[in-house]
Amino acid sequence: MAERLRVKDLPVDDRPRERLIHHGPRVLTTSELLALLLGAGTRGESALDMGERILGTFGGLPGLARTAAAELAAQHGMGLSKACRLVAAIELGRRLVREQQSKTRIRSPEDARDLLMEEMRYLDKEHFQVVLLDTKNQVLGVQLVSIGGLASSIVHPREVFKEAIRRSAAAIILSHNHPSGDPTPSQDDIDVTRRLREAGKLLGIEVLDHIIIGDNRYMSLREKGL
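These numbers were taken from a predicted model, which means no experiment stands behind them.

Scoring rules and cut-offs
- Residues numbered from 1 in each chain as written.
- Predicted model: local features only at pLDDT ≥ 70, side-chain atom pairs only at ≥ 80, totals over all residues.
- Heavy atoms only, no water.
- Core = buried A, V, L, I, M, F, W, Y, C linked by side-chain atoms within 4.5 Å.
- Buried < 20%, exposed > 50% of the residue type's maximum accessible area, 1.4 Å probe, protein only.
- Helix = DSSP H or I, 4+ residues; strand = E, 2+ residues; numbered from the N terminus.
- Contact = heavy atoms within 4.5 Å.
- Salt bridge = Lys/Arg side-chain N within 4 Å of Asp/Glu carboxyl O.
- Arc of directions from axis to C-beta.
- Patch = residues over 30% accessible without salt bridge, like charges linked within 9 Å, V, L, I, M, F, W, Y side chains within 5 Å.
- Areas by Shrake-Rupley, 256 points an atom, 1.4 Å probe, with all protein chains shown as cover.

1. Some details on the nonpolar core
Reasoning step 1: If you look at the biggest cluster of nonpolar residues, it comprises 17 residues, and the most contacted ones within it are L116, V131 and I173.
Reasoning step 2: Looking at this core, the elements that each hand over two or more residues are α7 (109–120), β1 (127–133), β2 (139–147), β3 (171–177) and β4 (206–213).
Reasoning step 3: Ranked by residue count, the leading element in this core is α7, at five residues.
Reasoning step 4: Residues within four places of L116 in sequence aside, it is in contact with Q129, V131, V142, S175, I211 and I213.
Reasoning step 5: Within the second largest apolar cluster, 16 residues are counted, among which are V130, F161, L196 and V207.

As structure tokens, then:
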């Protein structure tokens, strides 16, 4: 079998790094961007080939976004160092989106969905988060409260409102994801929402909504009268 072409064997103008420098990152394919993060391939497999293989193994970027570093590191030729670079790059992308949206004004459940969807839809465990809002319903921040198992997330009023009190939030929006992809609320979801809403009344912090994130679907308990 012929040896695969290595990145350094490509014409200079076709190498991912040179293309990024001269034309910007948008011209690169996803596998080329991964190749730059990986840095080097293995004997008989270039970084480009490895990037393509990793994408195929995990179902593209959505799959990579929900894959732990240890699982990535177990792939042939990866190792922990390369795996950590990929996970760190994905997390930087998430944080960039969040910071760009940090002064978003929430006017509707759709606005809350837009703020939360891309970060939460790929998570393989339930994450319970709180969106902190000022008096004009502008986002002060998004605070992670708890990470549960695949089926449940444990939340306590003390933890839910701690950051809201510290940041002098006027209101909050509760949010969590359903790893199954189905955002239909469970009875536990409804009971927790009511309990936290009552706690908010005592603290003077209004609970405006509870947004449940599925796979590109969401449910607003406020819209459903729950």
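Once the structure has been displayed, the description carries forward.
2. With respect to the pattern of salt bridges
Reasoning step 1: Scanning all chains against the criterion turns up 11 salt bridges.
Reasoning step 2: A salt bridge links E45 to R53, with the shortest nitrogen-to-oxygen separation between them at 2.8 Å.
Reasoning step 3: The class of R53 is partly exposed, set by a relative accessible area of 24%.
Reasoning step 4: Linking D114 and R113 is a salt bridge whose minimum nitrogen-to-oxygen distance equals 3.1 Å.
Reasoning step 5: Several salt bridges converge on common partners, so that one network encompasses E118, R121 and D215.

3. Points about helix α8 (residues 157–166)
Reasoning step 1: Three or more residues of α8 are buried, namely P157, V160, F161, E163 and A164. One face of α8 carries all of its buried residues, which in axial projection span an arc of 160 degrees. Exposed and oriented more than 90 degrees from the buried face of α8 are R158, K162, I165 and R166.
Reasoning step 2: Buried residues along α8 sit against β1, β2, β3, α9 (187–203) and β4.
Reasoning step 3: S168 lies just past α8 and shows a positive phi near 55 degrees.

4. Some remarks on unusual backbone geometry
Reasoning step 1: Residues other than glycine seldom take positive phi values, yet N137 does so here, at roughly 65 degrees.
Reasoning step 2: Positionally, N137 belongs in the loop between β1 and β2.
Reasoning step 3: Unlike most non-glycine residues, N216 shows phi in positive territory, near 65 degrees.
Reasoning step 4: When you line up the elements, N216 lands in the loop between β4 and β5 (218–220).

5. Some remarks on a nonpolar patch on the surface
Reasoning step 1: Together, L20, I21, L33 and L36 make up an exposed nonpolar region whose accessible area comes to about 320 Å².
Reasoning step 2: Counting residues per element, the ones that place at least two in the nonpolar patch are α1 (16–23) and α2 (30–38).
Reasoning step 3: Its location among the elements puts L36 in helix α2.

6. Concerning the environment of I172
Reasoning step 1: Along the chain, the position of I172 falls in strand β3.
Reasoning step 2: On the basis of relative accessible area, I172 is assigned to the buried category, the value being 0%.
Reasoning step 3: With 28 residues separating them in the primary sequence, I172 and G200 have C-alpha atoms 8.9 Å apart.
Reasoning step 4: The residues contacting I172, other than those within four sequence positions of it, are V130, V131, L132, V160, F161, A164, I205, E206, V207, L208 and D209.

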